[in-house]
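Residue-level structural notes
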Amino acid sequence: DTGVSQDPRHKITKRGQNVTFRCDPISEHNRLYWYRQTLGQGPEFLTYFQNEAQLEKSRLLSDRFSAERPKGSFSTLEIQRTEQGDSAMYLCASSPLTGISYNEQFFGPGTRLTVL
Amino acid sequence: AQKITQTQPGMFVQEKEAVTLDCTYDTSDPSYGLFWYKQPSSGEMIFLIYQGSYDQQNATEGRYSLNFQKARKSANLVISASQLGDSAMYFCAMREGGRDDKIIFGKGTRLHILP
């Protein structure tokens, strides 16, 4: 296991379509985070899972956004009826609950979404 | 109000010189953590260094050190002996409260290392 992986790396879609992104965290990591990063900005928090439980959601996560982590392993982020303002890099991060790395969030390579 | 402020949008530094990237933060929570991440042009976020609010000593990781001035709410990153590969965006970030909480990022500083 070499790190957090995200699929797809790039997604181009037309406005109004639904898209789904997948994140596979580092296998022993209980905590999983989704962030969104627009051009020239730092990442903004979207939501957080501890195992399969979604413990926190940002107000940025509108009704069109939903995230799941059904078995406490991989996670999906779905955006319904995409809008041009949804164009961004979607980053996933994971971290362990214990151990020397518990303060660190390990980021995946991101999924770049372009909404036409 | 911004939680994390990075006042330097861009910096140019000669190779092998030391560089300081500024970061100030705002929180009323006595327990918090401060982070620095590097984001090269390839896009991945790379963790550099962490400082806890109760840590007595400044954090160091190889060529990276965090100049933590609690009273000033300042957490500057110092990179010693800069290298061309240090050219990237650098983000200061903070986590408030318990360690499960989200990380809040600043807007970043783009660092250019000149040969």
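Residues numbered from 1 in each chain as written. Chains lettered and ligands numbered in written order. Predicted model: local features only at pLDDT ≥ 70, side-chain atom pairs only at ≥ 80, totals over all residues. Heavy atoms only, no water.

1. With respect to the overall build of chain B
Along chain B, the regular secondary structure elements total zero helices and twelve strands. By the compact-globule yardstick of 13 Å for 115 residues, chain B fits well, its C-alpha radius of gyration being 14 Å. Projected onto the principal axes, the alpha-carbon positions of chain B cover approximately 40 × 25 × 20 Å. In chain B, buried positions account for 46% of the 115 residues. (Helix = DSSP H or I, 4+ residues; strand = E, 2+ residues; numbered from the N terminus. Rg over C-alpha atoms; globule rule 2.2 N^0.38 Å. Buried < 20%, exposed > 50% of the residue type's maximum accessible area, 1.4 Å probe, protein only.)

2. A few points about the overall build of chain A
Within chain A, the secondary structure is distributed over zero helices and eleven strands. The helix and strand sequence of chain A, counted from the amino end, reads β-β-β-β-β-β-β-β-β-β-β. The C-alpha atoms of chain A give 14 Å as radius of gyration, which agrees with the globular expectation for 116 residues (13 Å, within 12%). By principal-axis analysis of the C-alpha atoms, chain A measures approximately 45 × 25 × 25 Å. Sequence-distant contacts in chain A: of pairs separated by 6 or more residues, those separated by 24 or more amount to 54%. Only carbon and sulfur atoms are counted for the fraction: they give 45% of the accessible area of chain A, which is about 5,800 Å². (Contact = heavy atoms within 4.5 Å. Areas by Shrake-Rupley, 256 points an atom, 1.4 Å probe, with all protein chains shown as cover.)

3. Here we look at unusual backbone geometry
Residue and element names in this part refer to chain A. Between Asp-7 and Pro-8 the backbone carries a cis peptide bond, its omega angle lying at -5°. Of note, Pro-8 is situated in the loop between strand E1 (5-7) and strand E2 (10-13). One non-glycine residue, Arg-81, lies in positive phi territory at about 50°. Following the sequence through the fold, Arg-81 ends up in the loop between strand E8 (75-79) and strand E9 (88-95).

4. Topic: the state of the cysteines
Covalent bonding between the sulfur atoms of two cysteines is what defines a disulfide. Scanning the model with the defined rule gives two disulfides over all chains in all. In this model, Cys23(A) is linked to Cys92(A) through a disulfide, with the two sulfur atoms separated by 1.8 Å. Measuring handedness by torsion sign, the sulfur bridge of Cys23(A) and Cys92(A) sits at about -70° and is left-handed. Placement of the pair is Cys23(A) in strand E3 (residues 19-24) and Cys92(A) in strand E9, with a sequence separation of 69 residues. Sulfur-sulfur distance for the disulfide between Cys23(B) and Cys92(B) comes to 2.0 Å. For the disulfide bridge between Cys23(B) and Cys92(B), the dihedral angle about the S-S bond is near -65°, and by the sign convention the bridge is left-handed. (Disulfide = S-S within 2.5 Å.)

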